[in-house]
Amino acid sequence: MKIEHAYTIVTSPGRNFVTLKIVTDEGTYGIGDATLNGREMAVVAYLEEHVIPALIGRDPQRIEDIWHYLYRGAYWRRGPVTMSAIAAVDMALWDIKAKLAGMPLYQLLGGKSRDRVMVYGHATGRDIESCLEEVARHVEQGYKAVRVQAGVPGIASIYGVAKKEGEPYEPADADLPTEHVWSTSKYLNHVPKLFAAVRERFGDDLHVLHDVHHRLTPIEAARLGKAVEPYNLFWLEDCVPAENQEGFGLIRQHTTTPLAVGEVFNSLFDAKTLIENQWIDYIRATLTHAGGITHVRRIADLAGLYHVRTGFHGPTDLSPVCMGAAVHFDTWVPNFGIQEYMPHTDETNAVFPHDYRFEAGHFIVGETPGHGVDIDEMLAKQYPYKRASLPVNRLEDGTLWHW
Ligand SMILES: O=C(O)[C@@H](O)[C@H](O)[C@H](O)CO
Ligand SMILES: [Mg+2]
């Protein structure tokens, strides 16, 4: 069996998605998600110019060999563009292998470790009261876990909170990056009040999460972790940027609030020190950005040795292809923690028909052979690419510098 052709499909049914399709000489095909929010076309060029020509004629069943061929063959190791491109190939090849076996992907990985996977949704609001209403709406929909992000008095707009009341939070900006003004002191004073209000209204059982979006220093994050301890967070996410991994060691000395990190990681080596030192509790690397199933499986295995569980990134800026593959992975992986879930728009769901489903705060994996997600290429053509970016923060005096 040979890879006969492969190509990328760029579509924007509400936001941009990049999909790689690999077709074998026997007619079986697989698809992989290659979406890198705000840098989409860099991955398209990487795939089209460098990866696809090297795939033609190879045996699609040799997933492990192709992974190492692409990783080592690039010479320039790691990086989000490279690893997203490799991930898309890997996801498509696992899709093909599972289709050839006539099995849903989770069966190839080792079968079910659980019947359903818990997800968390996003509640955001301009202020505490409107945020609590959004939490209530999620609870009514059956969610057992909710990420809670509210506006802060004195900060005009905050990344992570919906720009318009009642609309879902959209991570990307149209066109070029917007700039936000950030006040660490106002934020740190406000977050404990938000979680006090959440516990007061919803009681002890609801799992609550919070994302800091890399905006604090280690000692500031330590203070926040301590301050929210009474409210028993499921996790505190990306409380500091993770390039300085020892920063997590400092945070750890001060708080028992569980820590999650890794949505911007693209390899095992970004997570290795954090895991081996038991400085984190949840690893958020995604299949799409960290080299696909073949590589994320290695991260999960290392994590399992140190009691670190998975909590994969699952925003709207990853396509249903990634979500579908992730639900199979989550159903199998022994050290599963939770899965993030931001529902896609109806337009996106129509372009990417899929068989995973949401039920009572969980995802239920499908039984279709492969990862269970397809793409309607005719429909995809109706939504041309639009440039998008992620915003930046400045401190109140205009300073952009912030590790
Ligand atoms: O809030 C989150 O963790 C996500 O919205 C990420 O910021 C986004 O997916 C980046 O592309
Ligand atoms: Mg995040």
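Bear in mind that the values here come from a model prediction, so they are computed numbers and not experimental data. (Residues numbered from 1 in each chain as written. Chains lettered and ligands numbered in written order. Predicted model: local features only at pLDDT ≥ 70, side-chain atom pairs only at ≥ 80, totals over all residues. Heavy atoms only, no water.)

Another point: helix H1 (residues 40-55). Under the 1.5 Å per step criterion, the end-to-end length of H1 is 21 Å for 16 residues, consistent within 8% with the ideal 22 Å. Largest kink in H1: about 40 degrees, centred on Leu47. Regarding H1, the residues found buried are Glu40, Val43, Val44, Tyr46, Leu47, Val51, Ile52 and Leu55. Tucked inside the fold, the buried residues of H1 contact strand S1 (3-11), strand S2 (17-24), helix H2 (63-73) and helix H3 (80-101). Of the residues one or two after H1, Gly57 is the one with positive phi, at around 95 degrees. (Helix = DSSP H or I, 4+ residues; strand = E, 2+ residues; numbered from the N terminus. Expected span 1.5 Å × (residues − 1). Bend = angle between axes of the 7 residues up to and from the residue. Buried < 20%, exposed > 50% of the residue type's maximum accessible area, 1.4 Å probe, protein only. Contact = heavy atoms within 4.5 Å.)

A word on the packing of helix H6 (residues 184-202) against helix H7 (residues 218-227). At a minimum axis separation of 9 Å, H6 and H7 run at an interaxial angle of 15 degrees. Classified by the angle their axes make, H6 and H7 are roughly parallel. In the crossing of H6 with H7, the sense of the turn from one axis to the other is right-handed. Contacts from Thr184, Tyr187, Leu188, Asn189, Val191 and Pro192 of H6 reach H7 at Glu220, Arg223, Leu224 and Ala227. Counted by class, the contact of H6 with H7 contains six nonpolar, two polar and two charged residues. (Axes fitted to C-alpha atoms, helices over the stretch in contact; angles between N-to-C directions. Parallel < 35°, antiparallel > 145°, perpendicular 65-115°, else oblique. Left-handed = near helix turned anticlockwise from the far one by under 90°. Nonpolar A, V, L, I, M, F, W, Y, C, P; charged D, E, K, R; others polar.)

Taken together, Asn37, Arg147, Tyr159, Tyr169, Pro171, Asp211, His213, Glu237, Glu263, His313, Pro315 and Asp317 make up the full set of residues near ligand 1. Arg147 places a side-chain nitrogen or oxygen 2.7 Å from an oxygen atom of ligand 1. Residues belonging to the shell around ligand 1 are distributed by class as follows: four nonpolar, three polar and five charged. (Near = heavy atom within 4 Å. Polar contact = N/O pair within 3.5 Å; in protein donor to acceptor, adjacent residues only side chain to side chain.)

With their axes 10 Å apart at the nearest point, H2 and H3 run at an angle of 170 degrees to one another. Judged by the inter-axis angle, H2 sits roughly antiparallel to H3. Residues Ile63, Ile66, Trp67, Leu70 and Tyr71 of H2 pack against Met83, Ile86, Val89, Asp90, Leu93, Trp94 and Lys97 of H3. Partitioned by chemical class, the residues of the contact of H2 with H3 number ten nonpolar, no polar and two charged.

Remember, this is a structural readout, not a statement about activity or role.
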